[in-house]
Amino acid sequence: MYPFIRLLTTIRKAKKAPKISVDAVSENCFRCMPWDLDLFMEMNNGRVLTLYDLGRFTLSIQCGLSDVLKRESWGLVVAGSTTRYRKRVRMFDKVTMYTQVAAMDERWVYIIQSMWVKGEPASSILLRTAVTEKGRIVATERVRKATGREDWRPEPEGWVKAWIESEEQRPWPPLSART
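Everything quoted here is computed from the prediction, not taken from an experiment. (Residues numbered from 1 in each chain as written. Predicted model: local features only at pLDDT ≥ 70, side-chain atom pairs only at ≥ 80, totals over all residues. Heavy atoms only, no water.)

**Brief notes about the overall build of the chain**
For the chain, the count of helices and strands is five helices and six strands. Starting at the N terminus and walking to the C terminus, you meet the elements of the chain as α-β-α-α-β-β-β-β-β-α-α. The C-alpha atoms of the chain give 17 Å as radius of gyration, which agrees with the globular expectation for 179 residues (16 Å, within 12%). A burial count over the chain gives 39% of its 179 residues as buried. Long-range contacts, defined here as pairs at least 24 residues apart, represent 70% of the contacts in the chain between residues at least 6 apart. Surface summary for the chain: the accessible area is close to 11,400 Å², and the carbon and sulfur share equals 54%. Seen as two clouds, the 30 positive and the 21 negative side-chain charges of the chain have centres 7 Å apart. (Helix = DSSP H or I, 4+ residues; strand = E, 2+ residues; numbered from the N terminus. Rg over C-alpha atoms; globule rule 2.2 N^0.38 Å. Buried < 20%, exposed > 50% of the residue type's maximum accessible area, 1.4 Å probe, protein only. Contact = heavy atoms within 4.5 Å. Areas by Shrake-Rupley, 256 points an atom, 1.4 Å probe, with all protein chains shown as cover. Lys, Arg positive; Asp, Glu negative; His and termini not counted. Charge placed at Lys NZ, Arg CZ, Asp CG, Glu CD.)

Set out below in structure tokens:
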């Protein structure tokens, strides 16, 4: 089930938190609760992805993007991701999540997020995201203009650039089980 109470709590905390620049790192903390666990008594990998959603909501609220989305009747979409899990998150562990924009091109906004427990990285994710309007992707130039950051064009570096390039070679549609 979607964590609606945690979503409302996240939104409330983000609205009370200091405003940050869109290129800053957003931080939020939470505890791994019993309903976040899988059969192995660690945070379920699907729940990790859902909680990363909440981290992106926090960033969008703190940097003012959520106000622009509301004003323009825009939405957000995830179009791809790669996730790395390295440390188990156990029940009642305090998790600190960091979220930041890593790069942007004409169409996509690339976001890096990580979860940390006891000062050690537990997981990280790189996402290809976009702003949408009536089911279509909004050019990042329009988004930058609407947010007053027309000059901001973060370029991908290192492994982020390599991932973007590798995704361009990935076949679509994927192979079916019959081929």
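What follows picks up the thread again.
**A word on the packing of helix H1 (residues 4-16) against helix H2 (residues 45-62)**
For the pair H1 and H2, the least separation of the axes is 9 Å and the interaxial angle reads 25°. One finds that H1 runs roughly parallel with respect to H2. Here H1 and H2 pass one another in a crossing that is right-handed. Here Arg-6, Leu-7, Thr-10, Ile-11, Ala-14 and Lys-15 of H1 come into contact with H2, specifically with Leu-51, Leu-54, Phe-57, Thr-58, Ile-61 and Gln-62. Tallied by class, residues from the contact of H1 with H2 come to seven nonpolar, three polar and two charged. (Axes fitted to C-alpha atoms, helices over the stretch in contact; angles between N-to-C directions. Parallel < 35°, antiparallel > 145°, perpendicular 65-115°, else oblique. Left-handed = near helix turned anticlockwise from the far one by under 90°. Nonpolar A, V, L, I, M, F, W, Y, C, P; charged D, E, K, R; others polar.)

**Some points on the environment of Tyr-98**
As for its position among the elements, Tyr-98 is in strand E3 (residues 94-104). For Tyr-98, a relative accessible area of 29% translates into the label partly exposed. Along the chain, Tyr-98 and Met-115 lie 17 residues apart, while their C-alpha atoms are 6.6 Å from each other. Non-local contacts of Tyr-98, meaning those with residues more than four positions away in its chain, are made with Val-25, Ser-26, Glu-27, Ile-112, Gln-113, Ser-114 and Trp-116.

Distances and angles like these do not, on their own, reveal function.
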